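Descriptive structure summary
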Amino acid sequence: MEGEEPKKKNFFLRHLFDFVLLVVLSLGTASFFVVRAVQDSTSIPESGLSATVLFEGKQMEIVGEDGKNRNPIDLNSVHAYEEIVIQGRRTTLTIGLKHNAIGVVHSGCPGQECVHVGWVESPNQPIVCAYNGIYIDVKGSSSGDIIIG
């Protein structure tokens, strides 16, 4: 019996803690992604979006069909696509409006950065046309201003 080697534990028993830790971390990560996917699919879309059009830092007057100033523009109340043409510092801009979205669809500026921004559908994402001195500030309702994630 003196020459006998002690029995070695098999691989699984030697690394039991490592396997348990791996399983716990894998389940935690998977559950995080499942919860995020469920939250994203059941989230209520942002409402109460409005956009304020500024020319060289001052709010522009945008007259609606009723003759009243529409600036800030209530994007939640827009139900059909419409366009507004405004005069910038050097050229005109065409602003497109649709339900809870705004974008510059045409501009005479050389870089077209304002057009390339595309449709803005979330608060706190401005559209800027520096060439024409136009700044479009998109804001959400007080509950929509907090973005988590």
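Above this note sits the structure.
This is a predicted model, so every value here is computed, not measured.

Basis of the calculations
Sequence positions are assigned chain by chain, starting from 1 and proceeding in written order. Where local features are concerned, this predicted model is filtered to residues with pLDDT of at least 70; where side-chain atom pairs are given and counted, the filter is 80 or more; whole-chain, interface and lining totals use all residues. For the side-chain quantities, the full set of heavy atoms in the structure was used; hydrogens and water were omitted. The term salt bridge refers to a side-chain nitrogen of Lys or Arg lying within 4 Å of a carboxyl oxygen of Asp or Glu. Labels follow the DSSP assignment, with helices taken as runs of H or I lasting at least four residues and strands as runs of E lasting at least two, numbered in each case from the N terminus. The buried label applies to any residue whose accessible area, calculated with a 1.4 Å probe on protein chains only, is under 20% of its type's maximum; exposed applies above 50%, and partly exposed to all values in between. DSSP calls a pair of strands paired once it identifies at least 2 bridges connecting them. Interaxial angle, 0 to 180 degrees, is taken between N-to-C directions of lines fitted to C-alpha atoms, where a helix line uses only the stretch in contact.

On inspection of all chains with the given rule, the structure shows 2 salt bridges. Residue Arg89 is joined to Glu56 by a salt bridge in which the shortest nitrogen-to-oxygen separation is 2.8 Å. Of this pair, Arg89 sits in the loop between β4 (82-87) and β5 (92-98) while Glu56 sits in the loop between β1 (50-55) and β2 (58-59); the two residues are 33 residues apart in sequence, bridging distant segments of the chain. The salt bridge involving Glu82 is made with Arg70; its shortest N-O contact spans 2.8 Å. Of this pair, Glu82 sits in strand β4 while Arg70 sits in the loop between β2 and β3 (73-74), and the two are 12 residues apart along the sequence. In this structure Glu82 comes out as partly exposed when scored by relative accessible area, which is 26%. Assessed through its relative accessible area of 25%, Arg70 is described here as partly exposed.

Another point: the sheet that holds β4. Taken together, 3 strands build an open sheet; the order of strands is β4-β5-β6 and the sheet is antiparallel. Single-partner strands in this sheet number two, and they are β4 and β6 (101-107). Geometrically, the sheet is characterised by an average inter-axis angle of 25 degrees between neighbouring strands, direction not taken into account. Direction of pairing for β5 relative to β6: antiparallel, over a ladder of 6 bridges. Following the sheet pairing, Ile95 is matched in β6 by Val104.

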